[in-house]
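# Secondary and tertiary structure notes
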Amino acid sequence: EPGVRRLMKRSLTAALLLVSVAAPLAAQEPARDTTVAKALRAYSSRYIEPECKLAKGHFLVSSGATYLQQSIEKGSVEANRQRLLSDGERVLLKAITESGQAQNPAAWYYLGRIYLQRGDVAGADSALARAQTLAPECTADIAKYRKVVFAPVVNQAISFSKNGQEDSAVAYYRKAMPWNPTSSLPDQNLAAIYTTSKM
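Residues numbered from 1 in each chain as written. Predicted model: local features only at pLDDT ≥ 70, side-chain atom pairs only at ≥ 80, totals over all residues. Heavy atoms only, no water.

This structure, assessed with the given rule, holds one disulfide. For Cys 52, the disulfide goes to Cys 138, at an S-S distance of 2.0 Å. On the sign convention where negative is left-handed, the bridge of Cys 52 and Cys 138, at about 95° about the S-S bond, is right-handed. Note that Cys 52 is positioned in the loop between helix H2 (34-43) and helix H3 (59-73) and Cys 138 in the loop between helix H6 (121-134) and helix H7 (139-162), a separation of 86 residues in sequence. (Disulfide = S-S within 2.5 Å. Helix = DSSP H or I, 4+ residues; strand = E, 2+ residues; numbered from the N terminus.)

Its 14 residues give H6 an end-to-end C-alpha distance of 20 Å, which sits within 8% of 20 Å, the value for a rise of 1.5 Å per residue. Listing the buried residues of H6 in full gives Val 121, Gly 123, Ala 124, Ala 127, Leu 128 and Ala 131. Looking down the long axis of H6, one finds its buried residues gathered within 155° of arc, a one-sided arrangement. Among the exposed residues of H6, those oriented more than 90 degrees off its buried face are Ala 122 and Thr 133. Residue Asp 120 occupies the N-cap position of H6, its side-chain oxygen lying 2.9 Å from the main-chain nitrogen of Gly 123. (Expected span 1.5 Å × (residues − 1). Buried < 20%, exposed > 50% of the residue type's maximum accessible area, 1.4 Å probe, protein only. Arc of directions from axis to C-beta. Polar contact = N/O pair within 3.5 Å; in protein donor to acceptor, adjacent residues only side chain to side chain.)

Turning to the nonpolar core, a few remarks are in order. Ranked by size, the top nonpolar core spans 49 residues in total, and within it Tyr 110, Leu 116 and Trp 179 carry the most contacts. Those elements that provide at least two residues to this core are H2, H3, helix H4 (78-98), helix H5 (105-118), H6, H7, helix H8 (166-176) and helix H9 (185-196). Sequence-distant contacts of Leu 116, that is, excluding residues within four places in its chain, are made with Val 36, Ala 37, Leu 40, Ala 124, Leu 128, Tyr 145, Val 149 and Trp 179. (Core = buried A, V, L, I, M, F, W, Y, C linked by side-chain atoms within 4.5 Å. Contact = heavy atoms within 4.5 Å.)

Here Leu 128 is to be found in helix H6. Look at Leu 128 and you get buried, because its relative accessible area is 1%. Along the primary structure Leu 128 and Leu 116 are separated by 12 residues, whereas in three dimensions their C-alpha atoms are 9.8 Å apart. Leave out the neighbours within four places in its chain, and Leu 128 touches Trp 108, Tyr 109, Gly 112, Arg 113, Leu 116, Ile 142, Arg 146 and Trp 179.

On average, the protein chain scores 82 in pLDDT, and the residues at 70 or more come to 83%. Highest mean pLDDT in the protein chain belongs to H5 (96); lowest belongs to helix H1 (residues 2-27) (39). (pLDDT = per-residue confidence, 0-100.)

What follows is the structure, given as structure tokens:
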């Protein structure tokens, strides 16, 4: 009987360990916003080179930029487009985490644009902010993409608000704010929601 108890205890410990490892992995899966991905595709059907001087400087960063370009120009089949974006994300993350490119603004810039194409708004915001910090000369170029993203996100917030889905509207207004900090629309509409609702 003591042996059975020890076996049960080990099984329970293993199960708890499995849950503790799986939970953060699940949490890492980014939320995808299809409206943002569609807005990026509508913005340009051709790949746009960065307007600022941004030296790639490393073969993995160059590969990531190539995957981004191919996903835009040769990704008419959605599965193929997603594969190219996934490959681009993979090589850029490898460049940043394993190949000493964490201080290379190009790595973050192309990663941010890949995240945009995938509809990962939070990931794109973080990566582009990092790129802008490392390469302030790219501020105007990055602002271009921020404005493209702002419209569908804020429009989704307005749609939620019209349908009485206040919680979702608030979440989307907050999501929109970093993408166009000069716009007062999210603040004004949030104030209106808080004034008229019981939130």
